[in-house]
Amino acid sequence: MTQANTPTIPAVDLTVHHQPGDLSDRFALSVTKLLRWCADTFFAKRYGHRAIVLETVAAVPGMVGATLTHLRCLRKLEADRGWIRTLMEEAENERMHLMTFVAVAQPTLFERWLILLVQWLFYIGFFVLYLFSARTAHRLVGYFEEEAVISYTHYLNEIDAGRSANVPAPAIALQYWGLPANATLRDVVLVVRADEAHHRDVNHGFAAQLGDQAANSGLSPDLNSDLAPYPWHASTLEIEKPAVTPYRKTADFNETTLPAALKRRHNTASDVWGVIRVKQGQLKLTFLEPHSEQVLDASNPGYLAPQQDHFVEPLGKVSVCVEFYHSDPRAA
Ligand SMILES: [Fe+2]
Ligand SMILES: [Fe+2]
């Protein structure tokens, strides 16, 4: 059990619960309890799978709320007070939760069908609810997020008890939350739980603002200064930039198996970039026209532009392969 890698995350109040005050609140809480029972029954303690399916649902309300708030602002010619961006950031944040957990566990075929079905039902149901009562819709999300905080706390307990493997954090999580290289699943669950607590407070706050209940909600009546900037998150534009990957890679050659053709003048096709990767030892790369030489080793790969004439020469024992790309790998 490793608990030393905990990144700096905002303080999370695990005890927040909005006491239902009227019929709208009681409806939202009842729906939440019903859906909680369904999730508990179906997933039990399969927290990785539970996270994937429920995060596909969690990413819906923000986008619905943003869309309908946007349309209302257009109709009423009024400002959004920061709500649209906040809700879109919530949707994006939930989608990053999903991308993170998909890197940890793979949904079963049945769960993939369930995701499709639930998305249709939940999107339409939430859209209609938001049209009729945005306050109830935000209260519902507030209660969902209370449950999400509880579920991720249970997930942490499973990891701490050794019943769920505390695997290394996936690369996407390291980038998105800026976690250290040795971060684990436990660290990921901690930052995800902090996000859920933030959504909980924002949505209960929105419901309170819509119902003018700020005074007795226990939350700040003016959340505009608190709206979700997610300062500890990286831009998803950076994270989701596709990595350039080679379309072909040679076998590993040594100083005796290195093909003679590579030791003579040759080049790549007009639309092919090459990277010579030395794994052990050293290799001399010579470019012609203009003439230049480089000594390649494990930390210095050789980059070949399309049709750039060159040849290579082993400098003693060597292990090397060549990768081929359809675009410049250094531009990634
Ligand atoms: Fe989430
Ligand atoms: Fe959430």
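What follows concerns the overall build of the protein chain. The number of helices and strands found in the protein chain is 10 helices and 6 strands. For the protein chain, with 332 residues in total, the buried portion stands at 33%. Sequence-distant contacts in the protein chain: of pairs separated by 6 or more residues, those separated by 24 or more amount to 78%.

Bringing the confidence of the model for the protein chain into the picture now. The predicted model of the protein chain averages 86 in pLDDT, with 88% of residues at 70 or higher. Here residues 1–6 scores under 50 on pLDDT; set against residues more than four positions off or in separate chains, the count is 14 contacts. Note that residues 213–229 has pLDDT below 50 and, in this model, 28 contacts with residues that lie over four places away or in other chains.

Another point: helix α4 (residues 109–132). Residues that lie three or four places apart on an α-helix share one face, since the helix turns once every 3.6 residues. Taking 1.5 Å per residue as the helical rise, α4 with its 24 residues ought to reach 34 Å, and the 35 Å between its terminal C-alpha atoms agrees with that figure. The set of residues buried in α4 consists of Glu-111, Phe-126 and Tyr-130. In the core, the buried residues of α4 are packed alongside α2 (47–76) and α5 (134–160).

Our next topic: unusual backbone geometry. Following Glu-289, the chain continues into Pro-290 via a peptide bond in cis, with omega recorded as -5°. Counting through the fold element by element, Pro-290 comes out in the loop between β3 (273–287) and β4 (292–296). Of note in this structure, Leu-77 is not a glycine but carries a positive phi near 55°. Leu-77 gets classed as exposed once you count the C-beta atoms within 10 Å, which come to 6. Of note in the backbone geometry, Arg-81 takes a positive phi value of approximately 55° without being a glycine.

Turning our attention to the environment of Tyr-130. With respect to the helices and strands, the residue Tyr-130 is situated in helix α4. Taking the C-alpha atoms as reference points, Tyr-130 and Leu-68, 62 residues apart in sequence, are found 7.8 Å from one another. Every residue in contact with Tyr-130, bar those within four places of it in the chain, is listed here: Val-64, Gly-65, Leu-68 and Ala-137.

Looking at soluble globular proteins, one finds that nonpolar side chains tend to be buried together. Residues Ala-169, Ala-173, Val-188 and Val-189 are the most contacted members of the largest nonpolar core, which totals 41 residues. Of all the secondary structure elements, the ones that give two or more residues to this core are α2, α3 (83–102), α4, α5, α6 (171–177) and α7 (185–210). Ranked by residue count, the leading element in this core is α5, at 11 residues. Ignoring any residue separated from it by four or fewer positions in sequence, one finds Val-189 in contact with Tyr-152, Tyr-155, Leu-156 and Ile-159. With 9 residues, the next largest nonpolar core counts Ile-276, Leu-283, Leu-296 and Val-322 among its residues.

Attention now goes to the packing of α2 against α4. The interhelical angle for the contact between α2 and α4, taken along N-to-C directions, is 30°, at an axis separation of 9 Å. When the axis of α2 is compared with that of α4, the two are roughly parallel. Crossing angle aside, the handedness with which α2 passes α4 is right-handed. Where α2 approaches α4, its residues His-49, Val-53, Thr-56, Val-57, Val-60, Pro-61, Val-64, Gly-65 and Leu-68 are matched on the opposing element by Glu-111, Leu-114, Ile-115, Val-118, Gln-119, Phe-122, Tyr-123, Phe-126, Phe-127, Tyr-130 and Leu-131. Here the residues of the contact of α2 with α4 are counted per class, giving 15 nonpolar, 4 polar and 1 charged.

Here the focus is the pairing of β4. Bridge count between β3 and β4: 5 bridges; the pairing is antiparallel. Paired with Leu-285 across the strands is Gln-294, a residue of β4. Count of turn residues in the β3/β4 antiparallel hairpin: 4 residues, of which Glu-289 carries a positive phi of about 50°.

Turning to the pairing of β3, a few remarks are in order. In the sheet, β3 pairs with strand β6 (residues 310–325) via 13 bridges, with the strands oriented antiparallel. The residue of β6 that forms the bridge with Ile-276 is Val-322. One ladder, built from 3 bridges, connects β3 with strand β5 (residues 302–304); its direction is antiparallel. Bridged to Gly-274 within β5 is Leu-304.

A rise of 1.5 Å per residue sets the reference length of α3, with its 20 residues, at 28 Å; its end C-alpha atoms lie 29 Å apart and thus fit the reference within 8%. Within α3, burial applies to Trp-83, Thr-86, Leu-87, Glu-89, Glu-90, Asn-93, Glu-94, Met-96, His-97, Thr-100 and Phe-101.

Here is what the cut-offs are and how they apply
Residues numbered from 1 in each chain as written. Chains lettered and ligands numbered in written order. Predicted model: local features only at pLDDT ≥ 70, side-chain atom pairs only at ≥ 80, totals over all residues. Helix = DSSP H or I, 4+ residues; strand = E, 2+ residues; numbered from the N terminus. Buried ≥ 20, exposed ≤ 12 C-beta atoms within 10 Å, placed from the backbone. Contact = placed C-beta atoms within 7 Å. pLDDT = per-residue confidence, 0-100. Expected span 1.5 Å × (residues − 1). Core = buried A, V, L, I, M, F, W, Y, C linked by C-beta atoms within 7 Å. Axes fitted to C-alpha atoms, helices over the stretch in contact; angles between N-to-C directions. Parallel < 35°, antiparallel > 145°, perpendicular 65-115°, else oblique. Left-handed = near helix turned anticlockwise from the far one by under 90°. Nonpolar A, V, L, I, M, F, W, Y, C, P; charged D, E, K, R; others polar. Pairing = 2+ DSSP bridges.

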